[in-house]
Amino acid sequence: MKIRASLSFAYRLLFPRTGKKSNARRSLVGAALCIGISLIPLVVVLAVSDGMISGMTERTIGLSSSHISIHLPFGLAEAENMENLLDFSETVNRLDTVVDVYPEISALALAASMSGRTGAYVRAVQPDIFSRNPAFATLFTVISGTTDFAGNTCVIGENLSSVLGVGVGDTIRLITTRTNDSGSFSPKITVLKVGGVVSSGYQELDSLWLFIPLEKGFSVLQDVSSSVTVGVRTKDAFGIDLERAALDIDPIIPQFSYLYRWYELNSAQYENFASTQMMLILIMMLIVLVASVNISSALVMLVVERRREIAILKSLGGSTGGIAFSFLITGIVTGLFGVAIGIPLGFLCAVNFSPIVAVTEKILNFAKELFFYAVNGNIADFTTVHLLDPAFYLQNVSIVLPLEKIILISAGTLVLSFVMSIVPALKAGREKPIETLRKI
């Protein structure tokens, strides 16, 4: 039996000429739809998780760890005062592989206002960092006020502003420690005026950030509990330029200081991102696997329905392998139809992910509000449902369409369709024409 004849028979299995009703054909259509529906959430999960991981990574690198971070322990001459720190930073900045540097002092402190108190992560930076650093300029959104600060003016995160109950123009007290001449510690209170409120769209990263001028940092932050760093921006944080810059910087940093690449500082976080994404993909692939089983059951029904045609073909010289090949092609094409349905719809849902989540949240909140009113007679204890809590996820998710992964998943779905078609195809090829024709 030639391949052309097998393909022709497979075509007739998928698109019969007669208008006779066929339960097996309906099952094939249902199997294709099941595969398509199962692929939609898989594509959405890939696009949204890749976009979310990309956005979180971009903010962590650009706003926190920089491409390379040089840690200078207090006691070194380079970290003794602002002039020495700036001189060392300029030395690093002169390297051809370095684009820019951002000296910083950071420490944990207690921030208090008339409305509350909370821990704060104080970052003493150069006042022009919000305009000079591309990540600060593009990833930070100014909620109110301005990012131009000097003297006793500070810029705080949106969440910190909400916890303290302060806004632009209000004052907060920053409580740190200082070392007395006897070596003991005593509290030090610094009054700061809020000049601006900002947000990076990722509360887990910036919820406690409080920015003050670098010069102020040397007088406010205690040297023992503070960290002095020089953030380095290279030409590319994900390429060979990062390693070239690290090799150039390493010989000029002072003894007892440390150099870290961004992925070394955040390795645990990115491993968590990757493992979570892989777990989601595995669960979605199991759903696709279950949907692919429908192809096997549909082909079994098709073999039963087409026993007479199979018997006639075999009596006319059709080979076992040729008939089995026809049913294999039928199963693979069914999977291909499922891919053709699921992938475009998955892309469509992924692109409109934010509106879909917003509408779903409104429906859930409306239903929950009705339930509260029906049970309690009021909605005093009603709390809004957030499918993506901004405390842990990006407020605005940028969608990344991973074409390579989509192609791999499409190929995997076709392989599953092929595997699920093997047993029914072999059964069709082994049909005995004499026994079948006797029953006609």
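Predicted, not measured: the structure shown is a model, and the values here were computed from it.

Quick notes on the packing of aromatic side chains
Phase 1: In total, this model carries 14 aromatic pairs according to the counting rule given.
Phase 2: Taken together, a centroid distance of 5.3 Å and an interplanar angle of 80° make the contact between Phe130 and Phe136 edge-to-face.
Phase 3: Taking relative accessible area as the criterion, Phe136 reaches 3% and is therefore assigned buried.
Phase 4: Through a chain of ring-to-ring contacts, the aromatic side chains of Phe130, Phe136, Phe140, Phe149, Trp209 and Phe211 assemble into a single cluster.

A short note on a negative patch on the surface
Phase 1: Taken together, the side chains of Glu83, Asp87, Glu90 and Glu215 make up a negatively charged region of the molecular surface.
Phase 2: The dominant element in the negative patch, judged by the number of residues it contributes, is helix H3 (residues 82-93), at three residues.
Phase 3: Along the chain, Glu215 falls in helix H8 (residues 214-220).
Phase 4: Since its relative accessible area comes to 59%, Glu215 is described here as exposed.

Digging into the nonpolar core
Phase 1: The biggest cluster of nonpolar side chains holds 72 residues, and the ones touching the most others in it are Ile70, Leu72, Ile156, Ile172, Leu210, Phe211 and Ile249.
Phase 2: Ignoring any residue separated from it by four or fewer positions in sequence, one finds Leu210 in contact with Tyr121, Val122, Arg123, Cys154, Val155, Ile156, Leu160, Ile172, Leu174 and Leu192.

Examining the pairing of strand S5 (residues 153-157)
Phase 1: In terms of burial, S5 is largely enclosed, as four of its five residues are buried.
Phase 2: Where S5 meets strand S8 (residues 209-213), two bridges bridge the pair, whose relative direction is antiparallel. When the bridges of S8 are listed, Ile156 appears paired with Leu210.

Side note on the packing of helix H11 (residues 267-305) against helix H12 (residues 307-315)
Phase 1: Where H11 meets H12, the axes come as close as 5 Å, and the angle between the chain directions of the two elements is 65°. Mapping the contact onto sequence places Val303, Val304 and Glu305 in H11 and Arg307, Glu309 and Ile310 in H12.
Phase 2: Among the residues forming the contact of H11 with H12, the class breakdown is three nonpolar, no polar and three charged.

A word on unusual backbone geometry
Backbone phi values are negative for most residues with the exception of glycine, while trans is the configuration of most peptide bonds.
Phase 1: Notably, Ser66 is not glycine yet its phi reads approximately 60°, a positive angle.
Phase 2: Within the fold, Ser66 resides in the loop between helix H2 (23-65) and strand S1 (68-72).
Phase 3: Residue classification places Ser66 among the buried positions, given a relative accessible area of 12%.
Phase 4: Even without glycine at this site, Phe256 takes up a positive phi of about 75°.

Describing the pattern of salt bridges
Phase 1: Per the counting criterion, the structure on display carries seven salt bridges.
Phase 2: Of the charged contacts, one joins Arg261 and Glu243 as a salt bridge, the two residues approaching to 2.9 Å between their closest N and O atoms. With a gap of 18 residues between them, Arg261 in strand S10 (residues 258-261) and Glu243 in helix H9 (residues 240-249) connect regions that are remote in the sequence.
Phase 3: Judged by its relative accessible area of 25%, Glu243 is partly exposed.

What counts and how
- In every chain, residue numbers begin from 1 and rise along the written sequence.
- Where totals are concerned, whole chains, interfaces and linings use all residues; where local detail is concerned, this predicted model gives features only for residues with pLDDT of at least 70, and gives and counts side-chain atom pairs only at 80 or more.
- Each side-chain value is worked out from all heavy atoms of the structure, with water and hydrogens disregarded.
- The rule is short: rings of Phe, Tyr and Trp, with Trp giving its six-membered ring, pair when the centres are within 6.5 Å, and they are stacked under 30 degrees, edge-to-face over 60, tilted in between.
- When a residue's accessible area, from a 1.4 Å probe over protein chains only, is under 20% of the maximum for its type it is buried; when over 50% it is exposed; and in between it is partly exposed.
- Every patch collects residues that have over 30% relative accessible area and no salt bridge, joining them within 9 Å if they carry like charges and within 5 Å if they are nonpolar side chains (Val, Leu, Ile, Met, Phe, Trp, Tyr).
- Method for areas: the Shrake-Rupley scheme with a 1.4 Å probe, in which residue coverage is limited to the protein chains shown.
- Take a side-chain nitrogen of Lys or Arg and a carboxyl oxygen of Asp or Glu: if they are within 4 Å of each other, that pair is a salt bridge.
- The sign given to each residue is positive for Lys and Arg and negative for Asp and Glu; His and the chain ends receive no count.
- To locate a charge, the coordinates of NZ of Lys, CZ of Arg, CG of Asp or CD of Glu are taken.
- Helix and strand definitions here come from DSSP, where helices need a minimum of 4 consecutive H or I residues and strands a minimum of 2 consecutive E residues; each element is numbered from the N-terminal end.
- Nonpolar core, defined: a set of buried Ala, Val, Leu, Ile, Met, Phe, Trp, Tyr and Cys residues in which side-chain atoms within 4.5 Å join the residues together.
- We call two residues in contact whenever any of their non-hydrogen atoms come within 4.5 Å of each other.
- Strands were regarded as paired on the criterion that DSSP finds at least two bridges between them.
- Lines fitted to C-alpha atoms define the axes, with helix axes restricted to the stretch in contact, and inter-axis angles between N-to-C directions lie between 0 and 180 degrees.
- Only Asp, Glu, Lys and Arg are considered charged in this grouping, and only Ala, Val, Leu, Ile, Met, Phe, Trp, Tyr, Cys and Pro are considered nonpolar; every other residue, Gly among them, is considered polar.

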